[in-house]
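Fold and contact review
What follows is the residue order along each chain.
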Amino acid sequence: MRHDKRSVICFSILLFVSGCASYESAPLSPTETAATFEGSTLTDSRLQRFIAVSLDQSRASSPSLTWNLDRLTLAALYYHPELKLADAKFARAEAEVISADQRPNPSVNLSAAFGTAAVSGAITPGAIPATLGPVINFVIETFGKREKRSAQARSLAEAAQWDIASASWQVRGRVREAFIALWASQRRAALARRRLDLEDELVELLDHRVAVGAISGVDAAREHMTRAQMALASGEFDAAVLKGQVQLAEAI
């Protein structure tokens, strides 16, 4: 009978220990992180499938490969770290909701009671009478503590879900702003190059007229200076295009 009781106690302890959650370490790897970052390109096959499904192009015979505002916005929603961080916070909040709904687990420890009465012959004569055995402690929550804790966790989870929507709109807004700024820079650069081409034709024509003595060299020199200023401005517009491309990439 005593052996059966010990078996039951040992089995209960093992069952309690096996139900405890275990922690698995997942250290960060700079090499893997760098490889993941380098692999985040617009030609990634998973990104292409995500865009095709989002734009309902999965059934199209030749999905569009033009990187317009819609496709770039989807790429930003796929890659941007702020959204991944918001998703991780929401997942943690959902886990906290599950934890808040659970009742406190009982705890098991071993306790020793000294100086208690012992059955005659159960202990060696002259030994200190003692009792050693497991003690299971149950925590009983009162006054609606668990319900209030659950309600608080659900409110935090709802706030985390709204944070995802807020981060999504912020990402969309930054992509749209960078896209429009890049488009404007490209248009200004194209107009500057066109004007520079026309100025080259004018300078060539003036040089020809100077060569035949139709005008003085002062007029041609003045136009050469204007042409140099236009070339400098055109270079600045080209640099603005490169800067706009960098800003768009950062937004994505």
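Right above here is the structure, for reference.
Owing to the predicted nature of the structure, the values given are computational and were not obtained by experimental measurement. (Residues numbered from 1 in each chain as written. Predicted model: local features only at pLDDT ≥ 70, side-chain atom pairs only at ≥ 80, totals over all residues. Heavy atoms only, no water.)

As a further point, take the overall build of the protein chain. Helix and strand counts for the protein chain come out as 7 helices and 2 strands. Reading the protein chain from its N end, one meets helices and strands in the order α-α-α-α-α-β-β-α-α. Looking at the protein chain as a whole, 20% of its 252 residues qualify as buried. Sequence-distant contacts in the protein chain: of pairs separated by 6 or more residues, those separated by 24 or more amount to 71%. Surface exposure of the protein chain reaches about 18900 Å², of which carbon and sulfur atoms provide 60%. (Helix = DSSP H or I, 4+ residues; strand = E, 2+ residues; numbered from the N terminus. Buried < 20%, exposed > 50% of the residue type's maximum accessible area, 1.4 Å probe, protein only. Contact = heavy atoms within 4.5 Å. Areas by Shrake-Rupley, 256 points an atom, 1.4 Å probe, with all protein chains shown as cover.)

This part is about the pattern of salt bridges. It is possible for side chains of opposite charge to pair when their charged atoms get near one another. In total, this model carries 6 salt bridges according to the counting rule given. A salt bridge links Asp 200 to Arg 227; the nearest nitrogen and oxygen atoms lie 2.5 Å apart. Of this pair, Asp 200 sits in helix H6 (residues 145-211) while Arg 227 sits in helix H7 (residues 217-251), placing them 27 residues apart in sequence. On the basis of relative accessible area, Arg 227 is assigned to the partly exposed category, the value being 29%. Arg 222 is the partner of Asp 219 in a salt bridge, and the nearest nitrogen-oxygen pair spans 3.0 Å. Of this pair, Asp 219 and Arg 222 both sit in helix H7, 3 residues apart, which is roughly one turn of the helix. Under the relative-accessibility criterion, Asp 219 is labelled partly exposed at 33%. (Salt bridge = Lys/Arg side-chain N within 4 Å of Asp/Glu carboxyl O.)

Our next topic: the packing of aromatic side chains. Summed over the entire model, instances satisfying the criterion amount to 2 aromatic pairs. With 5.3 Å between their ring centres and 40 degrees between their planes, Phe 50 and Tyr 78 make a pair best called tilted. Placement of Phe 50 in helix H3 (residues 45-54) and of Tyr 78 in helix H4 (residues 69-79) is noted, with a sequence separation of 28 residues between them. Taking relative accessible area as the criterion, Tyr 78 reaches 26% and is therefore assigned partly exposed. Of the aromatic side chains, those joined through ring pairs into one cluster are Phe 50, Tyr 78 and Tyr 79. (Phe/Tyr/Trp six-rings, centres within 6.5 Å; stacked < 30°, edge-to-face > 60°.)

Quick look at H4 now. Counting buried positions along H4 yields 8 of 11 residues, so the element is predominantly enclosed. Among all positions in H4, only Leu 69, Arg 71, Leu 72, Thr 73, Leu 74, Ala 75, Ala 76 and Tyr 79 are buried. Close packing links the buried residues of H4 with H3, helix H5 (81-101), H6 and H7.

Ranked by internal contacts, the top residues of the largest apolar core, which has 28 residues, are Leu 47, Leu 72, Ala 76, Val 171, Val 175, Leu 248 and Ile 252. For this core, the elements supplying multiple residues, two or more each, are H3, H4, H5, H6 and H7. With 10 residues, the single largest contributor to this core is H6. If near-sequence neighbours (up to four positions away) are discounted, Val 175 is found in contact with Leu 69, Leu 72, Thr 73, Ala 76, Leu 248, Ala 251 and Ile 252. (Core = buried A, V, L, I, M, F, W, Y, C linked by side-chain atoms within 4.5 Å.)

Next up on the list: the packing of H6 against H7. Two elements in contact, H6 and H7, have axes whose closest approach is 8 Å; the angle formed by their N-to-C orientations is 160 degrees. Between H6 and H7, the crossing angle belongs to the class labelled roughly antiparallel. At the point where H6 passes H7, the crossing takes the left-handed sense. Considered class by class, the residues forming the contact of H6 with H7 number 20 nonpolar, 9 polar and 11 charged. (Axes fitted to C-alpha atoms, helices over the stretch in contact; angles between N-to-C directions. Parallel < 35°, antiparallel > 145°, perpendicular 65-115°, else oblique. Left-handed = near helix turned anticlockwise from the far one by under 90°. Nonpolar A, V, L, I, M, F, W, Y, C, P; charged D, E, K, R; others polar.)

On the secondary structure map, His 224 appears in helix H7. With 20 residues separating them in the primary sequence, His 224 and Glu 204 have C-alpha atoms 9.5 Å apart. Residue contacts for His 224: discarding those within four places in its chain leaves Val 203 and Asp 207.

Looking now at the environment of Ala 159. You can see Ala 159 is positioned in helix H6. Between the alpha carbons of Ala 159 and Ala 93 there is a distance of 9.1 Å; along the sequence they are 66 residues apart.

Looking at where Ser 234 falls in the secondary structure, it is placed in helix H7. In this view, Ser 234 contacts Ala 192, Arg 193 and Leu 196; residues no more than four positions away in its chain are not counted.

Another aspect to go through is the side chain of Ser 150. One can find Ser 150 in helix H6. On the basis of relative accessibility, which here comes to 5%, the residue Ser 150 falls in the buried class. Contact partners of Ser 150, with chain neighbours within four places excluded, come to Ala 100 and Asp 101.

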